[in-house]
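Residues per chain are reported as follows:
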Amino acid sequence: RDFDLSGYTEKSGFQGRTLSDQGRARLVALTEREKRFHWETEFSSALKGHSRDQLLEVLVARRAIESELAALAAENATPETLAKLRSVVEQQRKTLVSGLVTADQDVAFHAHIADMAGNRVLAAAIALIRQDSQLSPVLEGIRRHVHSMVYIDHAAVCDAIVAHDPETARRAMVNHINNLILDVKRYGETAPLGNT
């Protein structure tokens, strides 16, 4: 009765009640609110133990290694590995459009580039740096807070690798990591993030 009075449900003959258009809209809004609450809770938990300076040190190291991995990936790409890279980028775009967390696609994107590069030493170095499983969710949370669009950077790196252009791929990856560094600095200006 309360839902009927609120306009969320309507009588459907002898079958009982169904959601009205207003009820469906309310359900969508509540679902989105629940998703945001869940994501914010996870982000707050992941952020503990990650200071601004630590994040910046990790990103500087990643910039040095991942720019070389991107260049090597452009040199060594095959039709199969390129198809997989495109698929990861497209999946990330779809996930982003749907408002969901893209941390898994971010990890997959960078891991696939490391595999494509074919250099075991560099791949091991970046795996060591990225071994903190909370790093991607933390960076995604920061990007969301400052309204950054990582997908655009990933698409530029992908395009350069697809074009088999090592120098452009290197620059695109450096630009991507530089954008992450700027995001961390901007986040530190607007939200509490320790310096040590």
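Going by the structure above, here's the rest.
Given the structure is predicted, the values throughout are model-derived calculations rather than measurements.

J.: Before we go on, may I ask you to explain the nonpolar core in this structure?
T.: Soluble globular proteins tend to pack their nonpolar side chains together in the buried interior. With 40 residues, the main nonpolar core has Leu-69, Ile-113 and Ile-161 as its most contacted residues. Residue assignment for this core shows that the elements contributing at least two residues are helix H3 (52-76), helix H4 (79-97), helix H5 (103-117), helix H6 (120-129), helix H7 (135-145), helix H8 (150-162) and helix H9 (166-190). In terms of residue count, the dominant contributor to this core is H3 (nine residues). Discounting residues that sit within four places of it in the chain, Ile-113 has contacts with Leu-69, Ala-70, Ala-73, Leu-85, Val-157, Ile-161 and Met-173.

J.: What is the right way to read the packing of aromatic side chains from this model?
T.: Two descriptors summarise a pair of aromatic rings, namely the distance from one centre to the other and the angle between the planes of the rings. Counting across every chain of the model gives one aromatic pair. A centroid spacing of 6.3 Å and a plane angle of 70 degrees characterise the contact between Phe-3 and Tyr-8, whose relative ring orientation is edge-to-face. Classification of Phe-3 as exposed rests on a relative accessible area of 55%. By relative accessible area, Tyr-8 is classed as partly exposed at 23%.

J.: I keep staring at unusual backbone geometry and nothing clicks. Help me out?
T.: Unlike most non-glycine residues, His-164 shows phi in positive territory, near 55 degrees. Mapped onto the elements, His-164 comes out in the loop between H8 and H9. The partly exposed category is assigned to His-164, whose relative accessible area is 40%.

J.: What's the story with the pattern of salt bridges in this structure? I'm lost.
T.: A complete count under the given rule lists six salt bridges for this structure. Between Glu-68 and Arg-170 there is a salt bridge, with its nearest N and O atoms 2.8 Å apart. You can see Glu-68 sitting in helix H3 and its partner Arg-170 sitting in helix H9, a full 102 residues away along the chain. Of the residues examined, Glu-68 reaches a relative accessible area of 29% and is grouped as partly exposed. Here Glu-90 and Arg-93 are joined by a salt bridge, their closest N and O atoms 2.6 Å apart. Placement of the pair is Glu-90 and Arg-93 together in helix H4, with a separation of three residues, close to one helical turn.

J.: Quick question: what am I supposed to make of the environment of Glu-57 here?
T.: By the secondary structure assignment, Glu-57 is in helix H3. Sequence separation between Glu-57 and Ile-181 is 124 residues; the distance between their C-alpha atoms is 9.4 Å.

J.: What should I look at first to understand the environment of Ala-156 in this one?
T.: Following the sequence through the fold, Ala-156 ends up in helix H8. On a C-alpha basis, the gap between Ala-156 and His-176 in space is 8.8 Å, while along the polypeptide they are 20 residues apart.

J.: Any chance you could explain the side chain of Asp-106 here in plain terms?
T.: As for its placement among the helices and strands, Asp-106 is situated in helix H5. Looking at Asp-106, the relative accessible area reads 3%, which means it is buried. Those residues in contact with Asp-106, other than ones at most four positions away along the chain, are Gln-92, Arg-130, Ser-136, Arg-143, Val-150 and His-154.

The rules behind these values
Residues numbered from 1 in each chain as written. Predicted model: local features only at pLDDT ≥ 70, side-chain atom pairs only at ≥ 80, totals over all residues. Heavy atoms only, no water. Core = buried A, V, L, I, M, F, W, Y, C linked by side-chain atoms within 4.5 Å. Buried < 20%, exposed > 50% of the residue type's maximum accessible area, 1.4 Å probe, protein only. Helix = DSSP H or I, 4+ residues; strand = E, 2+ residues; numbered from the N terminus. Contact = heavy atoms within 4.5 Å. Phe/Tyr/Trp six-rings, centres within 6.5 Å; stacked < 30°, edge-to-face > 60°. Salt bridge = Lys/Arg side-chain N within 4 Å of Asp/Glu carboxyl O.

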